[in-house]
Amino acid sequence: MADSSNDQPLLVAEGLAKSYGHLQACREVSFKLYPGEVLAIVGESGSGKSTLLQLLSAQLSPSAGKVSYRMRDGVLRDLNVLGEAERRFLFRTDWGYVHQDPAMGLRMAVSAGANVGERLMAIGWNNYGEIRDAASSWLQRVEIALQRIDDAPKTYSGGMRQRLQIARNLVTAPRLVFMDEPTGGLDVSVQARLLDLMRGLVGELGLSAVVVTHDLAVARLLSHRVMVMKDGRVIETGLTDQVLDDPREPYTQLLVSSILPA
Ligand SMILES: Nc1ncnc2c1ncn2[C@@H]1O[C@H](COP(=O)(O)OP(=O)(O)OP(=O)(O)O)[C@@H](O)[C@H]1O
């Protein structure tokens, strides 16, 4: 018998569009994301990547089209018509959201341990020892020294903050993680270490992810599939290596050649 859970898409976008007045920031976007799949959305600044990510993660309502998500009961649900409890479940448990700016995803003045632990408390954990153990274990997984567990992220470096944000997101074992320019604003060597860590975790946990990036090196390292956006439309899509090594569209060729000079 076929394995139905992995054969069925986790997220389905159908004819998605978003307008701001006359400006069409996103139009006619349709795709399916499967369990364990990492999709990168690439394109130059203003091409609509962040708008699309916000639509996919139910932070914006579409002007047209819809996004459906397969809940843990196996039923595909339209995000726009979810009840409040289901939305809370998604945001607190089943999804992660990694912001480019860690200050948007962390509480900068409370300890690292509390930053990770409060995601667990939000889903009903109440044993202090267990919460602290889970937080310690996640700090180690993201390569943060345990003696920093009681320090607040405002005392952390940029790379450490981003790794802490990842720990906070992954501690509830989400099935889908949205990432918005996760390595943006970091030094190149810090980016490389972070990418390596993310790649390991995504593979090990079998996570599905949608990653917005203007950095094709991030797409190459993390994603299985790429969607190239221009003026709010998806102009090319395919397996990452195929699109980046042999782009069909002149726009993608330009994107690739400016990042990877011959
Ligand atoms: N709240 C808003 N109101 C009006 N216009 C908006 C709004 N948000 C985005 N836009 C416009 O929509 C278009 C797409 O923006 P978006 O931020 O999605 O692009 P992007 O590819 O993520 O760019 P960047 O990489 O610079 O963040 C742009 O022209 C932008 O100015």
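Only a predicted model underlies this, so the values are computations on that prediction, with no experimental measurement involved.

## Some remarks on the site of the ligand
Around the ligand, the neighbouring residues are Tyr20, Leu23, Ala25, Gly43, Ser45, Gly46, Ser47, Gly48, Lys49, Ser50, Thr51 and His214. Contributing elements (two or more residues each) for the shell around the ligand: strand 2 (23–33) and helix 2 (49–56). If you tally residues by element for the shell around the ligand, the top one is helix 2, at 3 residues. Grouping the amino acids of the shell around the ligand by side-chain chemistry returns 3 nonpolar, 8 polar and 1 charged.

## Describing the UniProt feature "domain: ABC transporter" (unreviewed entry) in the protein
The sites that carry the UniProt feature "domain: ABC transporter" (unreviewed entry) are, in the present numbering, residues 11–256. Taken end to end, residues 11–256 has its terminal C-alpha atoms 28 Å apart, with 40% of it in helix and 26% in strand.

## Concerning the pairing of strand 10 (residues 233–239)
As paired strands, strand 9 (residues 225–230) and strand 10 are joined by 6 bridges and run antiparallel to one another. Paired with Lys230 across the two strands is Arg233, which belongs to strand 10.

## So, the sheet that holds strand 4 (residues 64–70)
Taken in spatial order, the 4 strands line up as 2-1-4-5 in an open sheet, and their pairing is antiparallel. Each of the sheet's edge strands pairs with one partner strand only, and the pair in question is strand 2 and strand 5 (76–78). Strand-to-strand twist in this sheet, taken as the mean axis angle between neighbours without regard to direction, amounts to 25 degrees.

Rules used throughout
Residues numbered from 1 in each chain as written. Predicted model: local features only at pLDDT ≥ 70, side-chain atom pairs only at ≥ 80, totals over all residues. Near = placed C-beta within 6 Å. Helix = DSSP H or I, 4+ residues; strand = E, 2+ residues; numbered from the N terminus. Nonpolar A, V, L, I, M, F, W, Y, C, P; charged D, E, K, R; others polar. UniProt positions renumbered as here; feature names shortened; annotations may be inferred. Pairing = 2+ DSSP bridges. Axes fitted to C-alpha atoms, helices over the stretch in contact; angles between N-to-C directions.

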